[in-house]
Amino acid sequence: MRIGVDIGGTFTDLCAVDGTGIAAVGKVLTTHDEPARAVEEGLAALLADAGIDAEDVEQVVHGTTLVTNALIERKGSRTALLATTGFRDVLEMRREHRYELYDLHIELPAPLVPRHLRFDVPERILADGSVLAPLDETYVVRLGRELVDRGVEAVAVCFLHAFTNPAHERRAAELLAEVAPGLRVALSSDVVPEIREFERTSTTVANVYVQDLTERYLRDLERRLRRLGIAGTPHIMLSNGGLATVDTAARHPIRILESGPAGGALAAATLGPDDLLAFDMGGTTAKLCLIAGGAPLVTHQFEVDRKYRLLPGSGLPVQVPVTDLIEIGVGGGSIARIDALGLLTVGPDSAGSEPGPVCYGRGGTEPTVTDADLVLGYLDPDYFLGGGMKLDAAAARAVIETGIAGPLGVSVEEAAWGIHTSVNEDMANAARVHAVERGQDPAKLPMYTFGGAGPVHGVGVARALGAPSVVAPPAAGVLSAAGFLTAPLAFDFVRSARAAVHELAWEQVDALFAEMEAQGAALLAKSGVDEVTHRRIAEMRYAGQGYEIRVPVRGGRWPETLIDEFTATYRALYRRTGPEVGVEVLNWRVVSSGPKPDVTLRLAATATTGDAHKGTRKAYFPSVGGFVDTAVFDRYLLTPGERVDGPAIVEERESTVVVPPGAHCVVRGDAALEVTA
């Protein structure tokens, strides 16, 4: 028995899988003051309800939004930055790029380290790794003592060109350990040893800023699991779709920044065809990810805490491998309001789980997407979380009447429909841009929808995109937690060594790959993995370009082979080739992975007797005149091959599939629900 646990902004999801498939699922409200408490309470309830013995649980795989939330809410350690003389303000100067050129009031996230804790350290290493100015060790010793007196808890050391020669960073760490052993110290040459000064510094600072918080949380999680009787230590989901041990995640917490969305993308890739669009909508955010060639796309540039319409360049950059997805601030708990122009707007702020939507009855005072979906009849107030949580439909109507319908001069139902469709259009627009930027046409891709709110909105989003079909997999409401269990133990490594392809010294390239592969094998061996595979990647570009693309290194040393791979990859992305100039490599990467788990995400035990038709209730569909009698079905009693014509609602404990008029739903052989117009 293996269990996946995903902490979201509103709910904590759980999924237990054994040799036959998904054995049990669970969902509890997230406890933001003490996130591990929701995990413990949810696991205890899951084990009891499903009759699972804690001793039978061989593995727990965990993903969390803890790191993201800590960065956004500025709840990390008091951190200082040691930079090469003249470079302490790189966090403030950024790239001097204005994401909105003509906005005179442009807003950027404040640096995690205030200026009075950023220090110029006398030293200088050149781009080729040679030393221009030696490290002033006396200065570092004096500064270390001063930092302790100032109450500093963590230090990021980011010296110029340390990715080429880390000697000065490592010596600074040794000196700080001698004079200030209580300080947490992160070196850029360890955290992100690659080119680009601003991104490298920002990532290293972010890593050490959340390191103490993350380690305390992970150790607390370990204690709680032992208290439940679950043996062994949990594995932690990485943002790139691999797994790591608690010790590795504690050293590199920035690598678990987007662990939850990675699980959902992995599950969709496991269940679906080679190419699809994965759509995950929870209580706080919605995520969209392209699956290409049977695997989620991965990027190495990500931003946290974007300040302006989610535009690139308006957030804190983090240069680590993450599943390539777009995340927008619309979820079940997203707050709807009338803006200064008198227009309806939804999100990005969310009621979360505390207090939650008004219909939760936990103190919420503003209308949310969940309140609107309840008013429209899409949710059953007596069957939310399988009846474990009663919803207050009257309170939802009242708050939408006061906050939206009254000011706009429309009915409550029209206001609720406006909230619902506004969210659908926002997500469709985001999906369209995300897909087109990656050379895909979303109108040709099936959409897999999951998350607690995803199946409610999935068909609306798909229709706005023109997608051919929508699939709600088994256990859609907790699919990210299930996806964790499909991931192998894995980690990736990078070295910057810029060179023109025709000038490459292949002996040096082989030495770089061998060094990274040895690191990967050693790291995975500590987790008991003997069978390790390594995937080699080169990040390449035309000479003069500012950014590069990832190209597989498939063997063979001749420059022509690498250039052919680069040309093919470039053409696949941009439908053209570049100018007649040279090609260069900027970074070399290795992804080291253990064996992929043999797991099935089918429902292990689905009832096949009884009437799936639960009855009817009024649901709102403007295309047929408003509220109409709508058939309601129990998903667990539907059998493969059955067809349900819209309008209809298919309910399960963790999510609800809405089948609008003109569409129909078919139960596939794997128990997934496929909706087509």
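Residues numbered from 1 in each chain as written. Predicted model: local features only at pLDDT ≥ 70, side-chain atom pairs only at ≥ 80, totals over all residues. Heavy atoms only, no water.

Draft legend 1. Spotlight on the sheet that holds strand β33 (residues 656-659). Here four strands make up an open sheet; going across it, the order is β29-β30-β32-β33 and the pairing mixed. The strands lining the two open edges of the sheet, one partner per strand, are β29 (613-621) and β33. Neighbouring strand axes in the sheet, compared pairwise and without regard to direction, differ in orientation by 25 degrees on average. As paired strands, strand β32 (residues 648-651) and β33 are joined by four bridges and run antiparallel to one another. By the bridge assignment, Ile649 is partnered in β33 with Val658. (Pairing = 2+ DSSP bridges. Helix = DSSP H or I, 4+ residues; strand = E, 2+ residues; numbered from the N terminus. Axes fitted to C-alpha atoms, helices over the stretch in contact; angles between N-to-C directions.)

Draft legend 2. Main features of the environment of Val330. Relative to the helices and strands, Val330 resides in the loop between β20 (325-328) and β21 (334-338). Spatially, the C-alpha atom of Val330 lies 8.1 Å from that of Met427, the residues being 97 residues apart in sequence. Apart from the residues lying within four places of it in its own chain, the contact partners of Val330 are Met281, Thr284, Thr285, Ala286, Val346, Val423, Asp426 and Met427. (Contact = heavy atoms within 4.5 Å.)

Draft legend 3. Highlighting the layout of surface pockets. Size it by volume and the second largest pocket reaches roughly 930 Å³. Lining the second largest pocket are 37 residues, and of these Ser189, Asp190, Pro193, Val494 and Arg495 lie nearest its centre. Residue assignment for the lining of the second largest pocket shows that the elements contributing at least two residues are β10 (184-187), α6 (188-191), α9 (246-251), β25 (490-500) and α16 (506-525). Here the lining of the second largest pocket gets eight residues from one element, more than from any other, and that element is β25. Classifying every residue of the lining of the second largest pocket by side-chain character gives 18 nonpolar, nine polar and ten charged. (1 Å grid on protein atoms, 1.4 Å probe; cavity = no way out; pocket = protein on both sides within 12 Å on 5 of 7 lines; lining within 4 Å. Points joined across faces, edges and corners; volume = space filled by probe spheres on them. Nonpolar A, V, L, I, M, F, W, Y, C, P; charged D, E, K, R; others polar.)

Draft legend 4. Quick peek at the side chain of Thr204. On the secondary structure map, Thr204 appears in helix α7 (residues 197-209). You can call Thr204 buried: its relative accessible area is 0%. (Buried < 20%, exposed > 50% of the residue type's maximum accessible area, 1.4 Å probe, protein only.)

Draft legend 5. The packing of helix α1 (residues 35-50) against helix α8 (residues 211-228), seen in detail. One way to put it is that α1 packs onto α8 with a least axis distance of 9 Å and a crossing angle of 20 degrees. Classed by the angle they form, the pair α1 and α8 counts as roughly parallel. Helix-helix and strand crossings are classified by hand; for α1 and α8 the assignment is right-handed. Note on element contacts: α8 touches α1 through Tyr217, Asp220, Leu221, Arg224, Leu225, Arg227 and Leu228, opposite Pro35, Ala36, Arg37, Val39, Glu40, Leu43 and Ala44. For the contact of α1 with α8, a count of residues per class yields nine nonpolar, no polar and five charged. (Parallel < 35°, antiparallel > 145°, perpendicular 65-115°, else oblique. Left-handed = near helix turned anticlockwise from the far one by under 90°.)

Draft legend 6. Region of the structure containing the pattern of salt bridges. The final tally for this structure, using the stated rule, is 47 salt bridges. A salt bridge links Arg37 to Asp33, with the shortest nitrogen-to-oxygen separation between them at 3.0 Å. Residue class for Arg37 comes out partly exposed when judged on its relative accessible area of 24%. Between Glu169 and Arg200 there is a salt bridge whose closest N-O contact spans 4.0 Å. One end of the pair, Glu169, is in helix α5 (residues 167-179); the other, Arg200, is in helix α7, and 31 residues separate them in sequence. You'll find Glu169 and Arg200 in the same group, each marked buried. Linked by salt bridges that have partners in common, Asp33, Glu34, Arg37, Glu40, Glu41, Asp220, Arg223, Arg224 and Arg227 make up one network. (Salt bridge = Lys/Arg side-chain N within 4 Å of Asp/Glu carboxyl O.)

Draft legend 7. Here's a closer look at the packing of aromatic side chains. According to the stated counting rule, one finds twelve aromatic pairs in the structure shown. Ring geometry for Phe566 versus Tyr570: centroids 5.8 Å apart, planes at 45 degrees, classification tilted. On the criterion of helical spacing, the pair formed by Phe566 and Tyr570 is a turn pair, its members being four residues apart in helix α17 (residues 559-574). For Tyr570, a relative accessible area of 8% gives the class buried. Within the aromatic cluster, the residues linked to one another by ring pairs are Tyr542, Phe566, Tyr570 and Tyr574. (Phe/Tyr/Trp six-rings, centres within 6.5 Å; stacked < 30°, edge-to-face > 60°.)

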